[in-house]
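Overview (structure and organization)
Here is how the chains run, residue by residue.
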Amino acid sequence: MEKNSFFQQGTMQMLSEGLLDGTITLKELMIHGDTGIGTGEGIDGELIILNGKGFKVNHKGEGIPLENAFKITFADVHFENYEKIDNVSSIELSKCLEEIKKRIVGTNIFFSVKIHGRFEVIHTRSSKKSNKPYPGIEKIANNQVEFYSKDVTGTLLSYYSPSLYQGITVAGFHSHFISDDYTVGGHVIFSKIKHASVYLQKFASFTQNTPIQNIDYLNADLSDISKLDNIIKNVE
Ligand SMILES: [Zn+2]
């Protein structure tokens, strides 16, 4: 089984042009990995897959187990083969991730970081599903809900991509979280770690899967990348 590669369904540029159909099921996606993050059809929540089990953090911030047939618009997955690299305490997430990038990995490769432990602060967001015909991306941004929690034990899963891949994926870190009791989670905006174990997995390559059966995707003009940075910051 491939351990130094990850699989991506769709592109971020696709989302920025409102192409939000679910083009792969959870079952099909998990052929390519047992660990990952993503979003459902119509930006249906923030997804996290751990140990071969998929969860959707819905617009109320609750973690809901996913059915095999759940449709996914965008996702990154891989087969877990992390190496423990550190124990950290009393550190902001952004600082912790930057340290890994600076000291251990560099900026030129793809990698995933998994952090499990106690989070002093976890600020996340999720989204309410939009139905077809999908509203503009500004309306979808308004469907985002933010959650603030303190003293939570859980798992944070992050993917790092080099800056040149912005638009294909999310350049820099893209992190999702779920608590061990599945009551807190989502796309991570800010966090401070109380104490946690930090795991790293590097990737030499990735597979980009484009939805070649999807008529809207085939007919879309995806050449304008000017809105991309703003969209990625606010919606996914
Ligand atoms: Zn996200």
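My aim in this report is to walk through the structure given alongside it, one point at a time.

What counts and what doesn't
Sequence order as written defines the numbering, with residues in each chain counted from 1. For a predicted model such as this one, the threshold for reporting local features is a pLDDT of at least 70, and the threshold for listing and counting side-chain atom pairs is 80 or more; totals across whole chains, interfaces and linings nevertheless cover every residue. In computing side-chain values, all of the structure's heavy atoms are included and hydrogens and water are not. Strands here are runs of E lasting at least two residues and helices are runs of H or I lasting at least four, both read from the DSSP assignment and numbered beginning at the N terminus. Values of the radius of gyration come from C-alpha atoms, whereas the globule rule sets the reference at 2.2 Å times the count of residues to the power 0.38. In this description, contact between two residues means that some pair of their heavy atoms is separated by no more than 4.5 Å. All accessible-area figures derive from a Shrake-Rupley calculation using a 1.4 Å probe, and residue coverage is judged against the displayed protein chains alone. Think of it this way: Lys and Arg go in the positive column, Asp and Glu in the negative one, and His and the chain ends go nowhere. Every charge is mapped to an atom, namely NZ of Lys, CZ of Arg, CG of Asp or CD of Glu. Whether a residue is buried, partly exposed or exposed follows from its accessible area with a 1.4 Å probe, protein chains only, as a fraction of its type maximum: under 20%, in between, or over 50%, in that order. We call two strands paired when DSSP finds no fewer than two bridges between them. Salt-bridge detection follows one rule: a side-chain nitrogen of Lys or Arg within 4 Å of a carboxyl oxygen of Asp or Glu. Each metal site lists N, O and S donors within 2.8 Å (3.2 Å for Na, K and Ca). With water left out of the atoms, a site can look as if it is missing ligands.

**Brief notes about the overall build of the protein**
Looking only at helices and strands, the protein features six helices and 13 strands. Its C-alpha radius of gyration of 16 Å places the protein within 12% of the 18 Å reference for a compact globule of 236 residues. Seen along its three principal axes, the alpha-carbon backbone of the protein occupies a region of about 50 × 35 × 35 Å. Across the protein, every contact between residues at least 6 apart in sequence was considered, and the portion connecting residues at least 24 apart equals 78%. For the protein, the accessible area works out to roughly 10,800 Å², and carbon and sulfur atoms hold 48% of it. Positive and negative charge centroids in the protein, built from 24 and 28 side chains respectively, lie 4 Å apart.

**A short note on the pairing of strand β7 (residues 71–78)**
Counting buried residues in β7 gives seven out of eight residues, a clear majority hidden from the surface. Sheet topology note: the strand β1 (residues 5–9)/β7 ladder contains three bridges and is antiparallel. Within β7, the position partnered with Phe7 by the bridge is Val77. In the sheet, strand β2 (residues 24–25) pairs with β7 via two bridges, with the strands oriented antiparallel. Within the sheet, the bridge partner assigned to Ile24 lies in β7 and is Ile72. For strand β3 (residues 35–40) and β7, the ladder comprises six bridges, and the chain directions are antiparallel. Within the sheet, the bridge partner assigned to Gly36 lies in β7 and is Val77.

**Considerations on the pattern of salt bridges**
The full count for this structure, using the stated rule, is nine salt bridges. Note that Glu80 and Lys114 form a salt bridge whose closest N and O atoms lie 2.6 Å from each other. Of the two residues, Glu80 sits in the loop between β7 and β8 (83–92) while Lys114 sits in strand β9 (residues 110–127), which places them 34 residues apart along the sequence. On the basis of relative accessibility, which here comes to 23%, the residue Glu80 falls in the partly exposed class. On the accessibility criterion, Lys114 (15% relative accessible area) is buried. For Asp151, the salt bridge is made with Arg118, and the minimal N-O distance between the two is 3.7 Å. Of this pair, Asp151 sits in strand β10 (residues 144–161) while Arg118 sits in strand β9, and the two are 33 residues apart along the sequence. The exposure class of Asp151 is partly exposed, given its relative accessible area of 35%. Accessibility expressed as a relative area gives 27% for Arg118, which makes it partly exposed. The structure contains a network of salt bridges with shared partners spanning Asp21, Lys132 and Asp216.

**Remarks on the coordination of the zinc ion**
For the zinc ion, the protein coordination sphere consists of His174 (NE2), His176 (NE2) and His187 (ND1), at 2.1 to 2.2 Å. Linear spacing of the donor residues for the zinc ion on their chain is H-x1-H-x10-H. One end of the pair, His174, is in strand β11 (residues 172–179); the other, His187, is in strand β12 (residues 185–203), and 13 residues separate them in sequence. In terms of burial, His174 and His187 fall into one category: buried.

Function cannot be inferred from these measures alone, as they are strictly geometric.
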